[in-house]
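Here's the letter readout for the chains.
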Amino acid sequence: MTNRKAMLLLLAVGTALAKGVGALLLREPTIRYCVFLEHANVTCYWEPAANMSFKICYTLTVNTTVKVGSVWKLGHWVKQCITTHTHCSAPILSLRHNYSMDVQASLQDSHIRSATHYRHGLLEAKLYAPHFTKLLGIAEKPECLKLFWDKPKSFGLSRQEVENKSILLFQIELHSPEQPHVRVREKNVSAFHVLACNLVPGITYTARMRYRIVFGNGPWSDWSKSLTNTTTEAAPSAAPLIWRFIESEHVTLMWKPLLPGQANGKVLQYAVGCRGQEGVHGVCGLGRCGGALPAPRRSCQLPVPPHACSCSVWAANSAGTSPPAHITIPSATAVPGLPRPPLSSVWLTVLGDRQLLVRWVPGGGGGGVKGFVLQWSSVSPPTLEWLHWERVNASVREYIITEGVEPEMPCYVSVRALYGDNEPGPELFRKAFTRQGVPSAGPSVVLQELGEDSVTLRWGQPPLAQLRGFLLGEGFGEQHRGDAKRVEGKVQHVLGGQHCRGQHCGTLHHCAHGRWFSWSFHNLPLGVSISHHGAIRPARCLHTESQVGRCIHSLYIHSTCTHPTCTHYTHSLYIHLLYTHLCQAQTSRCSYTMGRQGRSQVV
């Protein structure tokens, strides 16, 4: 009996302690906010009633209320939801009622209730997404689009409230392929249409919308569906950028397409007009630049005028014509006017295999500069096929080239200032490689003189495009075949010498028949050497019926590469140079009279 009483006493004490612990752990929950959905529910969010990870049970109670004076009276609509989370949803009638909400937290047999949260349904309402019906351009407002919308199926406001009270705040999101960044605009709306302005004419936009009630703390609705349409076109607002490329008999006028914010629609055609400059009489022929030029065209050709002409280019779309762009075309016999100052300096900086930074400093006394023009090409002098160009305004001092630049190909760049009607000043040239590589060809070697124990060669450097880098060294020498010992020849870099005749040449002495010599190009930045190895064959005298024969010396040249990077170098050039000399009829010995060249061929 005593044991039973003791057990009952312990149980009673444990229960009391548990109740006390629950009461100590719990604190009053606080409702942070609620969100009402029309004809659906209210979801309330609250702070937890304890910091520790006890499984607390929460009960949200929602009542309709009526405010009489300063006193809230509960209605007959009572709904609840129970959860162990810090939010839950309970049904409501509509947004047009006042509601009271409170949360009770329970842990074991301990309970604690929050303060009552009073709200009208519209003050914390999340409206259903608007029904986006139409998106139209406006003929009289080409910079605007008109968005039409309608109420969703469940909506807490009447049409009169929308139109008369301006209680909706809209967000309109717009983006286009030409302007990929997203624009979001906010507007108070008191109608079932919205104007979105300050757009670019003639551009296709995709739009969507959402809204919320201006007063209160309700969140934004979900976004509507998206619609797409185009603003009405307007006349182009800027003149095209133009430049010219002058050849011996023709001038090619070139222009850049207008940017979307300048074209204000789809450019359909271009027009060109030329006239004699002020004080100059005569006709400026348009050549192939006459008439309407369809939009895909980016250039046209006209004859070099007999006198200076001023030419203009216009762009046109369905709404009108752009302002004209002007440029001066000099005559074929133009006499230079006052000299324009050249640029002080131009630098080229490699940014990558296909990017080149161009920077420049204007010359002194360069007042009246209207802009700068850059030209670049992979060939020199530039040809129209390979020419790239760009115009920049007078405040720009650098430009990044991203087109027409390839690794292991030279890039010839020129920069000049523009004055008046795009009248150019002197240009300053620079050249660069974005990345140097193994040369694709060796030099063109010509035998200048073949003596009894010497050989004189003349050669020309390959084009820079074949060198694939800047050449910093060259030379040749003689050695036995397979022998590492070399006898270096003397390389002459003088122009107009006895044998050179304006080209690089060199003489190798004490070179016996049947011995090998080598000639090489060095691309020192890469340590690459392109060598040509050959042998001088003994002379033979071929007799004819007239007892006068021809003495033939043969020189074979083979091109190789002597650098580890040449594993991908596949150029293998064999050149057979055949030279013919006169010889005496009665002997087999050839006497060299003069360096008459026969023919050369690749075998």
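Residues numbered from 1 in each chain as written. Predicted model: local features only at pLDDT ≥ 70, side-chain atom pairs only at ≥ 80, totals over all residues. Heavy atoms only, no water.

Caption draft 1: Region of interest: the nonpolar core. In this structure, L60, M101, L147, W149 and L168 are the most contacted members of the largest nonpolar core, which totals 52 residues. Counting 31 residues, the second largest nonpolar core, distinct from the first, contains F245, C284, C300 and V313. (Core = buried A, V, L, I, M, F, W, Y, C linked by side-chain atoms within 4.5 Å. Buried < 20%, exposed > 50% of the residue type's maximum accessible area, 1.4 Å probe, protein only.)

Caption draft 2: Just the sheet that holds strand β14 (residues 204–213), in detail. Spatially, β12-β11-β14-β15 is the arrangement adopted by the 4 strands of the open sheet, whose pairing is antiparallel. Strands at the two margins of the open sheet, each flanked by one partner only, are β12 (183–189) and β15 (227–230). Put simply, the sheet's adjacent strands are angled 35 degrees from each other on average, direction ignored. Where strand β11 (residues 168–175) lies against β14, 8 bridges are found, and the strand directions are antiparallel. Following the sheet pairing, I172 is matched in β14 by M209. (Pairing = 2+ DSSP bridges. Helix = DSSP H or I, 4+ residues; strand = E, 2+ residues; numbered from the N terminus. Axes fitted to C-alpha atoms, helices over the stretch in contact; angles between N-to-C directions.)

Caption draft 3: Quick peek at the side chain of N63. Looking at the secondary structure, you find N63 in strand β3 (residues 57–68). If we ignore the near neighbours within four places in the chain, the residues touching N63 are L74, G75, W77, V78, N98, Y99 and S100. (Contact = heavy atoms within 4.5 Å.)

Caption draft 4: Geometry of the state of the cysteines. If you walk through the whole model with that rule in mind, you get 5 disulfides. At a sulfur-sulfur separation of 2.1 Å, the disulfide partner of C34 is C44. Across the S-S bond of C34 and C44 the torsion is about 105 degrees, and the bridge reads as right-handed. You can see C34 sitting in strand β1 (residues 30–37) and its partner C44 sitting in strand β2 (residues 41–47), a full 10 residues away along the chain. With respect to burial, C34 and C44 carry one shared label: buried. (Disulfide = S-S within 2.5 Å.)

Caption draft 5: Unusual backbone geometry, seen in detail. Note that the residue after S380, namely P381, is joined by a cis bond; omega there is -5 degrees. Among the secondary structure elements, P381 is positioned in the loop between β26 (369–377) and β27 (388–393). Positive phi, close to 60 degrees, is recorded for Q108, a residue that is not glycine. On the basis of relative accessibility, which here comes to 55%, the residue Q108 falls in the exposed class.

This is a description of form; function is not addressed.
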